[in-house]
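# Structural description and commentary
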Amino acid sequence: VDKNIFAESVEKVKSAVVKLLEDGVVITEFEALTAAAFMCFKLCECDIVVLEVGLGGRLDATNVIENPLVNVITSLSLDHTAILGNTIEEIAFEKCGTIKENGHTVCSYGQPDCALNVIKETAKDKNNTLVIPAEKNISVLKSDIFGTDFIYKNIVYSVPMAGEHQLKNMTCAIEACEFLKSNFNISDEDIRNGIAKTVLPARVEVLCRKPLVILDGGHNEDGARAFYKAVAPQIEKCERVIVVAGMMADKAVEASLTPLMKKNDVFYAVTPENPRAMKASVLAGIAKKYVSEVHCIDSVKDAVDSALEDTDENSAVLVVGSLYLAGEVRNYLIEKIKNFD
């Protein structure tokens, strides 16, 4: 969004927040940013807004939309359990809070049965049309770390993002667009072109090919598993694998990083710039159970420098563990790898 529009939006929200504070109502940072986002959407005269919930759904600040054109529920897993619940069923219940009366819902295939039962029951109670893409309708033509070509319902798509999980996301997007065709002039070619141009920074993002440098912000066990599954065929061809990792202390750190730690040669533990971050020294202690060469460097940029200096064209550098880490280091990484290209 244009910086001036964003500034104008925040100013308007700030005045409202001040008035609410005078009445004893405290607004969280996320609530204020959500309100600012809505103001940006209005000022930019958006035709369609893709609005992702921040946490859960039912009680989320974004869940003020009374009649969404289409509701999408992607893969569910255990995350934010302290707030959303300790079981998949409880988390599914929170996610289903965005399903409104007489609407349309798309749900990704491959959901745990316990989650799917909650979604189906809620859709039925709310009189929703529920669509779940059928995995049997998908044929993968080509798949590697640089993207996937696939056929869905007899149409060929190319998505420039790695990972089997992107097939779940893309088929959800396709089915959501099918609902939108009744409100907007959207063709099959539009959908194909949209998917072909889709980019997602810090999600199995290949920043350099020689050496192979990949950035990923996955921060829970399922995200880490999807990342490793996507990159494993490529990194197993590399002579040396170096991991730079930093995570939030409230995540399942060891479970998330174990698949990588069992496969890499060198591990750099770092401390992302966030109050919730796990200290590099603590993370290094965990890594030493699995990796023979572990370095503890608080500064993310210093760790990246050391990792890149330790590589050649047959090496891989994986920077992983948190979107906070990815946001902190992405531009720096891009500048650094210009020396290789």
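Computed from a prediction, not measured in an experiment: that's the story for all the values here. (Residues numbered from 1 in each chain as written. Predicted model: local features only at pLDDT ≥ 70, side-chain atom pairs only at ≥ 80, totals over all residues. Heavy atoms only, no water.)

## So, the sheet that holds strand β3 (residues 129-131)
Read from one edge to the other, the open sheet built from three strands follows the order β1-β2-β3, with strand pairing classed as parallel. Because the sheet does not close on itself, it has two edges, and the strands there are β1 (71-73) and β3. Between one strand axis and the next, the sheet turns by 20° as a mean value, whatever way the strands run. Alignment of β1 against strand β2 (residues 104-107), held across three bridges, turns out to be parallel. Paired with V72 across the two strands is V106, which belongs to β2. This element, helix α6 (residues 165-180), spans β1, β2 and β3 of the sheet and lies at about 165° to β2. (Pairing = 2+ DSSP bridges. Helix = DSSP H or I, 4+ residues; strand = E, 2+ residues; numbered from the N terminus. Axes fitted to C-alpha atoms, helices over the stretch in contact; angles between N-to-C directions. Contact = heavy atoms within 4.5 Å.)

## Here's the deal with the packing of aromatic side chains
A complete count under the given rule lists two aromatic pairs for this structure. Measuring from ring centre to ring centre gives 6.1 Å for F38 and F41, while their planes differ by 75°; the resulting arrangement is edge-to-face. Highlighted residues: F38 and F41, both in helix α2 (residues 29-43), separated by three residues, approximately one helical turn. A ring pair is formed by F150 and Y157, whose centres lie 5.4 Å apart and whose planes are at 25°; its orientation type is stacked. No difference in accessibility class separates F150 from Y157, as the two residues are buried. In this arrangement the basic side chain of R209 is found over the ring face of F146, its NZ or CZ atom lying 3.7 Å from the centre. (Phe/Tyr/Trp six-rings, centres within 6.5 Å; stacked < 30°, edge-to-face > 60°. Buried < 20%, exposed > 50% of the residue type's maximum accessible area, 1.4 Å probe, protein only. Lys NZ or Arg CZ within 6 Å of the ring centre and 35° of its normal.)

## Regarding the side chain of T122
For T122, the location among the structural elements is in helix α5 (residues 113-125). In contact with T122, other than residues within four places in its own chain, are C96 and I99.

## Brief notes about unusual backbone geometry
Looking along the chain, the bond that leaves K210 and enters P211 is cis, with omega of -5°. The residue K153 is not glycine, and still its phi comes out positive at about 50°. The exposure class assigned to K153 is partly exposed, which follows from its relative accessible area of 45%. Phi is positive for V204, close to 45°, though the residue is something other than glycine. As for its position among the elements, V204 is in the loop between α7 (188-196) and β7 (205-208).

Note that every value here comes from positions in space, so none of it alone points to a role or purpose.
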